Amino acid sequence: MESDMAEELQAHIELRADDLMIRSRLTREEALRQARLEFGAVEKYKEEAREARGLRFFDQLYADIRYSWRQLRKYPAFTLAATLTIALGISVNAAMFSIVNGWLKPLPVENPDELVVLAAMEGKNPLPNPLIPFPEYIDYKDVSDAFKDLAVWTGLLSGLTADGQTTRAAGGAVSGNYFSLLGVEPAMGRLIAPVDGEFGGTEPVIALGYSYWVRHLARDSAVVGKQIRLGGSPYTVIGIVSEEFRGTTSLGELDFYVPLEPAVKDFVRNRDVAPIRIIGRLKPEVTLAQAQASLDIVTNRLRREHPETNGKRMMRVFPERLSRPDPSAATVLPYVAGLLLLLAGAVLAIACANVLSLFLVRGIGRRGEMAMRTALGASRWQLVRVCLAEAFLIAAIGGIAGTTAGSWATSFLERVQPAGMDGLALHMDFGMDWRVMVYAMSLVTIATALVGLLPALRSSRAGTYDSLRSSRTSNAPAPPTHRLRHFLVAAQIAGSVVFLILAGLLFQHLTHLESLDLGFARDHLLLVDIDGQSTGYNATQALSVYTAIETRLRSLPSVQSVAQSVVKPFGGVILNVNIAAEGGEDSLSAERVLAQANFVSAGFFNTLAIPAIRGSSFTDEDAASVKPIAIVSDIMATRLWPNEDAIGKRFRSGIDTERWIEVVGVVKSIKQSEGFQPLKPPPPQFFMPMGSAASRIRTFYVRTLVPPESLASTVRSEIRSIDPNVAINHVATMEQQVTQSPNGFGIARMFVYIAVALGLLALLLALVGTYGALSFMVGEQAHEIGIRIALGASGSAVLKIVLQHGLGLALKGVAAGIVLAALAGRLLQTIMPDVSPFDPVVLTTVPLLLLTMAFVTCLIPARKATRIQPILTLKSE
Amino acid sequence: VAEQAELLPGTLDLLILKAVSLGPEHGYGVLLRIEQITGGALTIEQGALYPALYRLEHQGLLDTEWGTSDNNRRAKYYRLTTAGRRRLKQDTERWNRTVLAMTTALNAQEA
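Owing to the predicted nature of the structure, the values given are computational and were not obtained by experimental measurement.

Trainee: An account of the overall build of chain B is requested, with residue identities and associated values reported.
Mentor: Along the backbone of chain B there are four helices and three strands. Ordered by position from N to C terminus, the α and β elements of chain B give α-β-α-α-β-β-α. A total of 111 residues make up chain B; the buried ones form 40% of that total. Approximately 6,800 Å² of chain B is accessible, and the part contributed by carbon and sulfur atoms is 51%.

Trainee: Explain the side chain of Thr448(A) to me, using residue names and the numbers behind them.
Mentor: All names here are of chain A. Counting through the fold element by element, Thr 448 comes out in helix α15 (residues 434-460). Residue Thr 448 is classed as buried on the basis of its relative accessible area, which comes to 10%. Every residue in contact with Thr 448, bar those within four places of it in the chain, is listed here: Leu 388, Ala 391, Phe 392, Ala 395 and Leu 453.

Trainee: Describe the sheet that holds strand β1 (residues 25-26) of chain B, listing the residues and the values that go with them.
Mentor: On the basis of which strands lie adjacent, the open sheet formed by three strands has the order β1-β3-β2 (chain B) and antiparallel pairing. Either end of the sheet is taken by a strand with one partner, and the two such strands are β1 and β2 (62-68) of chain B. As defined by bridge partners, β1(B) adjoins strand β3 (residues 74-80) of chain B across two bridges and the pair is classed as antiparallel. The residue bridging His26(B) from the neighbouring strand is Tyr77(B), located in β3(B). Strands in contact with helix α1 (residues 2-24) of chain A are β1, β2 and β3 of chain B; relative to β3(B), the strand with the most contacts, it is inclined by about 100 degrees.

Trainee: Give me the lowdown on the nonpolar core, citing residues and values where you can.
Mentor: Residues and elements named next belong to chain A. Grouped together as the largest cluster of nonpolar side chains are 77 residues, with contacts concentrated most on Phe 520 and Phe 604. The greatest single-element share of this core, amounting to 13 residues, is contributed by helix α17 (residues 480-515). Apart from the residues lying within four places of it in its own chain, the contact partners of Phe 604 are Ala 563, Gln 564, Ser 565, Asn 598, Ile 610, Phe 687 and Tyr 701.

Trainee: I'd like a description of the interface of chain B and chain A, backed by residues and values.
Mentor: Across the boundary between the two partners, chain B contributes 22 residues, which contact 24 residues of chain A. Taken together, the two surfaces of chain B and chain A that pack against each other cover about 2,100 Å², and 53% of this comes from carbon and sulfur. Of all residues in chain B, Tyr28(B), Gln46(B) and Tyr54(B) give up the largest surface area on contact with chain A, accounting jointly for 32% of the area buried on that side. On inspection of chain B and its partner chain A, the count reaches five salt bridges. Among the salt bridges present, the one from Lys76(B) reaches Glu8(A), with a minimum N-O distance of 3.3 Å. The interface formed by chain B and chain A includes 14 residue pairs in polar contact (both at pLDDT 80 or more). If you list the elements that add at least two residues to the side of chain B that touches chain A, you get α2 (27-37), α3 (49-58) and β3 of chain B.

Trainee: So, the side chain of Asn177(A): which residues are in play, and what are the values?
Mentor: All names here are of chain A. Among the secondary structure elements, Asn 177 is positioned in the loop between β3 (165-174) and α7 (178-182). We classify Asn 177 as buried; its relative accessible area is 10%. A distance of 2.9 Å separates a polar side-chain atom of Asn 177 from the backbone oxygen of Leu 150. For Asn 177, the residues in contact, after removing those within four places along its chain, are Tyr 137, Lys 141, Asp 149, Leu 150, Ala 151, Pro 194 and Glu 198.

Trainee: Provide a residue-level description of the pattern of salt bridges, including the pertinent values.
Mentor: All names here are of chain A. Enumeration over the complete set of coordinates arrives at 39 salt bridges over all chains. Residues Arg 190 and Asp 196 are paired through a salt bridge, measuring 3.2 Å at the closest nitrogen-oxygen approach. The exposure class assigned to Arg 190 is partly exposed, which follows from its relative accessible area of 35%.

Trainee: Can you tell me about the packing of helix α6 (residues 134-141) of chain A against helix α10 (residues 288-305) of chain A, naming the residues and giving the values?
Mentor: Residues and elements named next belong to chain A. It is the contact of α6 with α10, at a shortest axis distance of 10 Å, that shows an interaxial angle of 130 degrees. In terms of orientation, α6 lies oblique with respect to α10. Two packed elements cross with a definite hand, and for α6 against α10 that hand is right-handed. The residues of α10 that touch α6, namely those facing Glu 136, Asp 139 and Tyr 140, are Leu 295, Val 298, Thr 299, Arg 301 and Leu 302. The residue makeup of the contact of α6 with α10, split by class, is four nonpolar, one polar and three charged.

Trainee: Any chance you could break down the packing of aromatic side chains for me, citing the residues and the numbers?
Mentor: Residues and elements named next belong to chain A. Here the structure, examined in full by the defined rule, presents 22 aromatic pairs over all chains. Ring centres of Tyr 210 and Trp 213 lie 5.4 Å apart, and the angle between their planes is 70 degrees; on these two criteria the pair is classed as edge-to-face. With Tyr 210 and Trp 213 both in helix α8 (residues 210-217) and three residues apart, this pair spans about one turn of that helix. There is no split in this pair, since Tyr 210 and Trp 213 are both buried. When the centroid spacing of 5.7 Å and the interplanar angle of 40 degrees are considered together, the rings of Phe 604 and Phe 687 count as tilted. Note that Phe 604 is positioned in helix α20 (residues 604-608) and Phe 687 in strand β19 (residues 685-689), a separation of 83 residues in sequence. Accessibility classification places Phe 604 together with Phe 687 in one group, the buried group.

Trainee: Outline the packing of helix α1 (residues 11-21) of chain B against α2(B), listing residues and values.
Mentor: Residues and elements named next belong to chain B. Remark: α1 packs on α2, axes separated minimally by 9 Å, with the N-to-C direction vectors making an angle of 100 degrees. Comparing the axis directions of α1 and α2 gives the class roughly perpendicular. Of α2, the residues touching α1 (which contributes Leu 15, Ile 16, Lys 18, Ala 19 and Val 20) are Val 30, Arg 33, Ile 34 and Ile 37. Tallied by class, residues from the contact of α1 with α2 come to seven nonpolar, no polar and two charged.

Trainee: Run through helix α26 (residues 782-790) of chain A, naming residues and quoting values.
Mentor: Residue and element names in this part refer to chain A. Regarding α26, the residues found buried are Ala 782, His 783, Ile 785, Gly 786 and Ile 789. The arc that holds every buried residue of α26, seen down its axis, measures 165 degrees, which confines them to one face. One or two positions beyond α26, positive phi appears at Gly 792, with a value near 105 degrees.

Trainee: An account of the pairing of strand β7 (residues 233-241) of chain A is requested, with residue identities and associated values reported.
Mentor: Residue and element names in this part refer to chain A. Strand direction decides the pairing type here: strand β4 (residues 186-189) and β7, joined by three bridges, are antiparallel. For Met 188, the partnering residue across the bridge sits in β7 and is Ile 240. Pairing of strand β5 (residues 205-208) with β7 involves four bridges; the strand directions are parallel. In the sheet register, Ala 207 faces β7, and the bridge partner there is Gly 239. As judged from the four bridges shared by strand β6 (residues 227-230) and β7, these two strands associate in the antiparallel manner. Residue pairing across strands places Leu 230 opposite Ser 233, the latter belonging to β7. In this antiparallel pair of consecutive strands, β6 and β7, the connection spans two residues, and Gly 231 shows a positive phi of 55 degrees.

Rules behind the numbers
Residues numbered from 1 in each chain as written. Chains lettered and ligands numbered in written order. Predicted model: local features only at pLDDT ≥ 70, side-chain atom pairs only at ≥ 80, totals over all residues. Heavy atoms only, no water. Helix = DSSP H or I, 4+ residues; strand = E, 2+ residues; numbered from the N terminus. Buried < 20%, exposed > 50% of the residue type's maximum accessible area, 1.4 Å probe, protein only. Areas by Shrake-Rupley, 256 points an atom, 1.4 Å probe, with all protein chains shown as cover. Contact = heavy atoms within 4.5 Å. Pairing = 2+ DSSP bridges. Axes fitted to C-alpha atoms, helices over the stretch in contact; angles between N-to-C directions. Core = buried A, V, L, I, M, F, W, Y, C linked by side-chain atoms within 4.5 Å. Buried area = accessible area lost by both parts, 1.4 Å probe. Salt bridge = Lys/Arg side-chain N within 4 Å of Asp/Glu carboxyl O. Polar contact = N/O pair within 3.5 Å; in protein donor to acceptor, adjacent residues only side chain to side chain. Parallel < 35°, antiparallel > 145°, perpendicular 65-115°, else oblique. Left-handed = near helix turned anticlockwise from the far one by under 90°. Nonpolar A, V, L, I, M, F, W, Y, C, P; charged D, E, K, R; others polar. Phe/Tyr/Trp six-rings, centres within 6.5 Å; stacked < 30°, edge-to-face > 60°. Arc of directions from axis to C-beta.

Shown next, in the form of structure tokens:
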């Protein structure tokens, strides 16, 4: 195009010269010269020609960017500061969005938006329960006008033995149509399919997850058709699931899939036990509301037919994407995600404010340049474009750096495995994908507009004459730019105050929750989870090994006592059963008292320091026996026998409905956490002798006289010395279990950490902003300060002027921040009603911290001001 | 020498279309032909021709093709497209109406 044009214009000149040679009898050289003169300004016409062809936009864009690039390179400090600040702001956002995206992105299956999860709502309990009795699945499966199909699965935790090694693995027992409903294909072999029967059949077959196959079997394709052991029993591998699919659970990863039928065969007609999860696919044109309406019809029928179990029950349908890890998240998750993104967005806004004030400062320095360009005929739009191009360059480079840093941070987060996961791997996918890219690019655009637009309009408005005449006006009152910059500094400080106060409130709240009495002593307690089932023990072997372990551990120095149980507090597993008191209603579920059962050794209450209220504990002989006796929690005692002495009373449970169990003791309840919610009164709990437990899974409790973590490796090796093959799932302290596990305060703690980190980042940015603004002020007023010093102002007087200015801004910011934080605290209270928005510690610490930091930051430019040499500043005029 | 007239804004395009309609021509040729058909009454600054030519090409009114001039120089030739022919016809009519109206108006006598 461009060369074409040059050639054409050259041809014109040659042709004209040919003519001139003939007409005016000029020499060739003279003729060419004459022709050029007649033609006029070639470059100007070229430019017009380009414009006429519509190429001008890209041309100009390219020129603007090249020009900006040169400008930015001329001021490396400015460019570096601005780019880093934007990069910091964008990295936080990219990371946060990757996390939210990883959490909420659709499952890698066919039409994931059609997938729904069913969950039961019981009476007034606001939390939906995704676990459902099997008969109800059959009832609801008939609602075929809304659903293409419903499938069933239930989570299993078991030792998986392949290649001689046993690892604890999470898996699913799935119905025959599970994979076909999702549209998941095998990577190799076949999967459990409808031909295996509605509930997957009774054959011991197993399909393995792709990553398990890679990690433990080194992609050995010969494994299909071979036998491996699951929970000690042989299973035949029929296939490997496709690589992308990691199960219908977002946080973990399912390593194996087995037929559902064996897992539910005992509960097929039992409406009391809720062992299964239902996932469904809506018909394409059916909305969530329509599906809900069709479920309600069945719900009403079930209420009439089974008033004792379904009297207060309804089934709700949730979109699968919001049901992670389970449907109780559906009401909170969008808010939490939105809040996190909003907080990250606020950090970016502070970063932009910082860069904006840098731009404004430089805009003043460049008034002369801009005026010169105007005088030379640049249009206002051209000036605006140059400023925008600079802002864009900085935002784009910052955006690329920030997104890269953000994805590093998230890939690091992906690998972090919180303690208290009971040896299971947490699987999260925070990888970059097009959604993260689009988000980051829109942030770059927003940042460009935030940072570029205002300085662009400002500098393009600069008066030509005034600016050219004198590039420095020292005695004029603060122009609007100053006021704006001062406002920006104060706003940044206010923003970081809000952040830190909110983070502080959450922190205080969490500390308060964690310090609550849990019903047992959590210190000096080491937990060891052992899976004898997967190791392949039969009942007798298990008993002898466990007894040996307990004896050995007890004999260790600095061990005070040792105990065992099947279920551990703040662990992921709960044994829910219905209970009924003797002499009460006939049906077990009539009163719908749901209790948590556990099986414990004699030393359990003593080792965990659970206070006894009445009666006695188990003797060693009791604990080893199958006697129908139990120790119950105080809450259970008052629930079943209000105003009566529970000792000697009898009840029965869903474990064995024919057996009456006699209460021999009452203890205080063990509390459990509900994330940020306070510890609600726990459900009724009861403890039976270990001898009657069918499960061969144990948690050992070791109460130590020394810090418990110091004994961890000793305990491991002692257990190995009894049986080197025993599967030790997990060793952790009770403190870790409570504070770090997702079943304890782990998730809440992560949330608080994120808030604190964002708050500190905001503070850092605000301090950088304050420093920049103040340094600029000192630089700009160097002349005035020089005169003051020349007139005899002391160093401390100069220091005072600058500090007053800086701290004045900081004070305004802090005051505004406190007011805003009070409002934000109220908002927080609507999500978490138990947070107290007026925590005196936080409300004094944060402002004090901020003012101190601001003071230190202001000192640097202030001291610089005292060192101004009057003679130099006066000379430079 | 005929008296020089000033080019009215917007008339250059029409003149170019007219000149090219008489047969394909390169840029310099268009310039000469305009001089010729206006009897030398209208002169155009030579460089100013090209932005106008490109604009018309961009609008799809002119088509271009590289060729050889009478004195054996490589030059780009402009030709009227169908759209260009239509435009020339419309603009000529509009111009005539304007001229008629202006002439009538300017010749009006005081009543």
